[in-house]
Amino acid sequence: MGSSLLVAFILILTTHTAAAQPAAAALVGGRVVYEVKAGDTVTSIGARFAVARATLIELNQLTSPYALPVGRSLVIDNTHIAVGHPEVSVTINIAQRLLVFAEHEQVRVYPIAVGRRTWPTPVGAFTIISKETDPAWDVPVSIQREMERQGKPVITRMEASPDNPLGRHWIGLSLPSLGIHGTTAPSSIYTFASHGCIRMHPDDVAELFEGVSVGMPGVLVYQPVIVAAIEGRVWIEAHPDEYRRAPDAARSARDAIEREGLGSSVNWGLVEEVLRQRRGGAVDVTIAR
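So, here's what we can say about the structure. (Residues numbered from 1 in each chain as written. Predicted model: local features only at pLDDT ≥ 70, side-chain atom pairs only at ≥ 80, totals over all residues. Heavy atoms only, no water.)

### Some remarks on the packing of helix α5 (residues 249–259) against helix α6 (residues 268–277)
Contact geometry for α5 and α6: axes closest at 10 Å, N-to-C directions at 150°. Classified by the angle their axes make, α5 and α6 are roughly antiparallel. α5 and α6 meet at a crossing whose hand is right-handed. Along the contact surface, α5 presents A250, A253, R254, I257 and E258, while α6 presents W268, V271, E272 and L275. (Axes fitted to C-alpha atoms, helices over the stretch in contact; angles between N-to-C directions. Helix = DSSP H or I, 4+ residues; strand = E, 2+ residues; numbered from the N terminus. Parallel < 35°, antiparallel > 145°, perpendicular 65-115°, else oblique. Left-handed = near helix turned anticlockwise from the far one by under 90°. Contact = heavy atoms within 4.5 Å.)

Right, here's the structure in full:
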C-alpha cells in the first residue's frame, strides 16, 4: 500500500462502529503497474495489494485469470480511504479488511484477513496485552471441535514451526482469544477466512510487531461504506456487508453527504453505482467542473 497521505475529515456513518465520532481519514494506495512474477496468481496479487480478485480481472480484462504469464503487466488500483480513530494507535475496519497503524505522526496501512461470516471478528475497543515471537498455538476447544467435525486429526497444541498457522509473530489483544498474527496462507489475506483473529502477511506483521507496544490502544469497527471529504473532493468506498450487520449503510452514506452539505458537489448517479457495485475501492464522486 502507498504511504503518501492526504489528511481529511471523515463522515462517520450509522453502521456498527465502536465509536461514533469524527476521525481522521486519508487516501492511501493508488494506481500502479505490476509485473507478474513466478508463482503469482490473481488471488495472491489481490491479497498483497488489497484489491478484490474480481476487480483485478475486470480492470485488466483477464480472459484466462488462472494462467498469468510471468512478465505480464497488470494495472492495479488499490486506492482506499484509511480511517484512524481518535486516541487509538490501531484501527481495524473488519468490513474493509484494512488495519491502520498511526503513531508518531506516521500512518501505515496493511491488508488483513478477518473472521469468516460463521466465525466473525468482534467489534470493540481493545489494548495490546502481549507480543510473542515464534508463538506456540494452543488450539481453542471450538476449533478442536471443528477439526473433529471435519474428520481431521484433533490438535490441542502446536509448537512453533513453519506449519504453525500463527506464523512467527503474535500480538495479543484484550478481547477474548483474539490476536493479530502472521499466516502460512498469505493468499488468504484481504478475505473473510479466519476463526476471528486478524491475519497479516508475514512481512507486514513483522513490521507492525516492531512498531506496537504492550498497552497500546486500538479499536475494531465494522463499516462497509465510508464517505470522506478530502481536499475539496468527496470520496466513497463501499464493501459488501459480509456479516449482514449494516443493512442501511448505503442510505447512511446518502444521508451523510446531505447532512454535511455536500449533495450539490457529488455526481449522484456515480454515488448510486458505487453503492450498488461495492467493489471495495475508493472512488471520487465529485461533480466534474
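### Comments concerning α5
Of all the residues in α5, the buried ones are A249, A250, S252, A253, A256 and I257. Buried residues along α5 cover an arc of 160° about the axis, so they all sit on one side. Opposite the buried face of α5, at more than 90 degrees from it, the exposed residues are R251 and R259. G261, located one to two residues past α5, shows a positive phi value of around 70°. (Buried < 20%, exposed > 50% of the residue type's maximum accessible area, 1.4 Å probe, protein only. Arc of directions from axis to C-beta.)

### Structural notes on helix α4 (residues 202–211)
Within the sequence span of α4, burial applies to D204, V205, L208 and F209. Taken end-on, α4 shows its buried residues confined to a sector of 135°, consistent with a single buried face. When the buried face of α4 is taken as reference, the exposed residues oriented beyond 90 degrees from it are D203 and E210.

### So, the side chain of R97
Residue position: R97 is located in the loop between β6 (90–93) and β7 (98–103). Beyond its immediate sequence surroundings of up to four residues, R97 is in contact with Y110, P111, I112, V114, Y190, T191, F192 and H239.

### Notes on the nonpolar core
In this structure, I92, L99, I180, L208 and I236 are the most contacted members of the largest nonpolar core, which totals 51 residues. Looking at this core, the element that brings in the most residues is α5, giving four residues. Beyond its immediate chain neighbours, meaning those up to four positions away, L208 contacts L99, F101, Y110, I171, I180 and M200. Within the second largest apolar cluster, twelve residues are counted, among which are F49, I57, L74 and I76. (Core = buried A, V, L, I, M, F, W, Y, C linked by side-chain atoms within 4.5 Å.)

### Describing the packing of aromatic side chains
Evaluated as defined, the whole model comprises three aromatic pairs. Ring plane angle 65° and centroid distance 5.7 Å describe the contact between F192 and Y243, whose orientation is recorded as edge-to-face. One end of the pair, F192, is in strand β14 (residues 192–194); the other, Y243, is in the loop between β18 (233–238) and α5, and 51 residues separate them in sequence. By the burial criterion, F192 is buried, and Y243 matches it. Centroid distance Y222 to Y243: 5.2 Å. Interplanar angle 0°. Geometry classified as stacked. Taken together, the residues Y222 in the loop between β16 (217–221) and β17 (225–230) and Y243 in the loop between β18 and α5 connect sequence positions 21 residues apart. Each member of the pair, Y222 together with Y243, is buried. (Phe/Tyr/Trp six-rings, centres within 6.5 Å; stacked < 30°, edge-to-face > 60°.)

### Quick look at the environment of V109
Tracing the chain through its elements places V109 in strand β8 (residues 106–115). Classification of V109 by relative accessible area gives buried; the value is 9%. For the pair formed by V109 and R97, sequence separation is twelve residues and the distance between their alpha carbons is 10 Å.

### Concerning the pattern of salt bridges
For the coordinates displayed, the defined rule picks out ten salt bridges. When the shortest N-O distance is used, the salt bridge between E58 and R279 registers 3.1 Å. Here R279 lies in the loop between α6 and β19 (282–284) and E58 lies in helix α2 (residues 53–59), a separation of 221 residues in the sequence. What emerges from the salt-bridge pattern is a single network uniting D138, R157 and E159. (Salt bridge = Lys/Arg side-chain N within 4 Å of Asp/Glu carboxyl O.)

### Quick look at the pairing of β18
Of all six residues making up β18, five are buried, and the element is well covered by its neighbours. Summarising the sheet, β17 and β18 pair through six bridges and their orientation is antiparallel. Looking at β18, one finds that I226 is bridged to E237. In this structure, the hairpin formed by β17 and β18 is closed by a connection of two residues, where E231 is found at a positive phi of approximately 50°. (Pairing = 2+ DSSP bridges.)

### Focus on the pairing of β16
Along any regular strand the residues' side chains alternate between the sheet's two faces. Within β16, four of the five residues are buried, which leaves the element mostly enclosed by the surrounding structure. Relative to β16, β6 runs parallel, the two sharing four bridges. Bridged to I92 within β16 is L220. As judged from the four bridges shared by strand β9 (residues 124–133) and β16, these two strands associate in the antiparallel manner. In the strand pairing of β16, F126 is matched with G218.

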